[in-house]
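Residue-level structure breakdown
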Amino acid sequence: MSREMRPASIAVPAPETPYWLNLPYWLVGVVLIAALFGAFQIYYWVGRRLGEKLYESRVGRKVGRARIEAVERVVEKWGALAVYGCFWVPGLRHTLPWVAGALRVSYPWYVVASALGCLTWAPLWWFGGAAAVWGWLRLASRSPVAAAVVAVLAVAAVAGFVTWRRRKRRAAAGDEEALTA
């Protein structure tokens, strides 16, 4: 069979073969989902314990009062549904659970929303991330130069995105200062 006619191969390991720490691939995924769910429960209870102190905490100062208040508005509007949605929004993923705890979102609903979020979001990253890593490793074994180019392009894309976000944030802060002056 010629090189062009070769069927596409999957870049994810077989589910039953040893993958990481000699655990099968499916079990690694279950452990990762459980760990994410556990982290979300810890975030909630730390936020609940901190309450208003969240603003003065190191995390609160780093995130910023305005951003926490924006997250509070999302939680107040959407409740536990915001917890499910935060899995799909990178800026909210690790901020919203703290705020949900501080705002005392109903814990049973929080558990349901965070469980659904973990069960739907984590497998996409688990399979997609593994496919990307294994695909890149396969590319590197066939063409180290192409793999290096892909890595440089990925780093450049992330750096460009971060720079774009920072400029956008600075411009918004400048507009806000101009309005208050």
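Residues numbered from 1 in each chain as written. Predicted model: local features only at pLDDT ≥ 70, side-chain atom pairs only at ≥ 80, totals over all residues. Heavy atoms only, no water.

1. Comments concerning the overall build of the protein
- Helix and strand counts for the protein stand at seven helices and two strands.
- When the elements of the protein are put in sequence order from the N terminus, they spell out β-β-α-α-α-α-α-α-α.
- The proportion of buried residues among the 181 residues of the protein is 27%.
- Across the protein, every contact between residues at least 6 apart in sequence was considered, and the portion connecting residues at least 24 apart equals 67%. (Helix = DSSP H or I, 4+ residues; strand = E, 2+ residues; numbered from the N terminus. Buried < 20%, exposed > 50% of the residue type's maximum accessible area, 1.4 Å probe, protein only. Contact = heavy atoms within 4.5 Å.)

2. Some thoughts on helix α1 (residues 25–50)
- Over its 26 residues, α1 runs 37 Å from end to end, which matches the ideal 38 Å to within 8%, given 1.5 Å per residue.
- If you check which residues of α1 are buried, you get Y25, V28, G29, I33, L36, F40, Q41, Y43, Y44 and G47.
- At the C-terminal side of α1, G51 shows a positive phi close to 55°. (Expected span 1.5 Å × (residues − 1).)

3. Points about the environment of E69
- Structurally, E69 is set in helix α3 (residues 65–78).
- It is 8.9 Å that separates the C-alpha atoms of E69 and V99, two residues lying 30 residues apart in sequence.

4. Focus: the packing of aromatic side chains
- Under the counting rule described, the total for this entry stands at twelve aromatic pairs.
- Ring geometry for Y44 versus Y107: centroids 5.0 Å apart, planes at 45°, classification tilted. Taken together, the residues span a long stretch of sequence, with Y44 in helix α1 and Y107 in helix α6 (residues 107–142) at a distance of 63 residues.
- Exposure remark for Y44: the relative accessible area of 0% places this residue in the buried category.
- For the ring pair W45 and Y107, a centre distance of 4.9 Å and an interplane angle of 55° mean the geometry is tilted. Residue W45 is located in helix α1, and its partner Y107 is located in helix α6; the two are separated by 62 residues in the primary sequence.
- An aromatic cluster of three or more residues is present, and its members are F40, Y43, F87, W98, W121 and W125. (Phe/Tyr/Trp six-rings, centres within 6.5 Å; stacked < 30°, edge-to-face > 60°.)

5. Re the confidence of the model for the protein
- Looking at the protein as a whole, the pLDDT averages 83, with 87% of positions reaching at least 70.
- Within the protein, the lowest mean pLDDT, 70, falls on strand β1 (residues 18–20), and the highest, 90, falls on α1. (pLDDT = per-residue confidence, 0-100.)

6. Describing the layout of surface pockets
- Put simply, the largest pocket is a space of about 760 Å³.
- Lining of the largest pocket is provided by 20 residues; of these, V63, R67, G91, R165 and R169 occupy positions nearest its centre.
- Sorting the residues of the lining of the largest pocket by element identifies α3 and α7 (144–180) as the ones contributing at least two each.
- Here the lining of the largest pocket gets nine residues from one element, more than from any other, and that element is α7.
- The residue inventory of the lining of the largest pocket, partitioned by class, reads eleven nonpolar, two polar and seven charged. (1 Å grid on protein atoms, 1.4 Å probe; cavity = no way out; pocket = protein on both sides within 12 Å on 5 of 7 lines; lining within 4 Å. Points joined across faces, edges and corners; volume = space filled by probe spheres on them. Nonpolar A, V, L, I, M, F, W, Y, C, P; charged D, E, K, R; others polar.)

7. Topic: a positive patch on the surface
- The grouping of R67, R165, R166, R167, K168, R169 and R170 at the surface amounts to a positive patch.
- If one sorts the elements of the positive patch by residue count, α7 sits on top with six residues.
- Relative to the helices and strands, R166 is located in helix α7. (Patch = residues over 30% accessible without salt bridge, like charges linked within 9 Å, V, L, I, M, F, W, Y side chains within 5 Å. Areas by Shrake-Rupley, 256 points an atom, 1.4 Å probe, with all protein chains shown as cover. Salt bridge = Lys/Arg side-chain N within 4 Å of Asp/Glu carboxyl O. Lys, Arg positive; Asp, Glu negative; His and termini not counted. Charge placed at Lys NZ, Arg CZ, Asp CG, Glu CD.)

8. Considering the pattern of salt bridges
- Applying the stated rule across the entire model yields one salt bridge.
- Taking the shortest distance from any N to any O, the salt bridge between R65 and E69 comes out at 3.2 Å. With R65 and E69 both in helix α3 and four residues apart, the pair spans about one turn of that helix.

9. Digging into the nonpolar core
- Counting 27 residues, the largest nonpolar core has L36, F40, F87, L96 and Y110 as the members making the most contacts within it.
- Those elements that provide at least two residues to this core are α1, α3, α4 (80–86), α5 (96–102) and α6.
- Beyond its immediate sequence surroundings of up to four residues, F40 is in contact with C86, F87, R93, P97, Y110 and S114. (Core = buried A, V, L, I, M, F, W, Y, C linked by side-chain atoms within 4.5 Å.)

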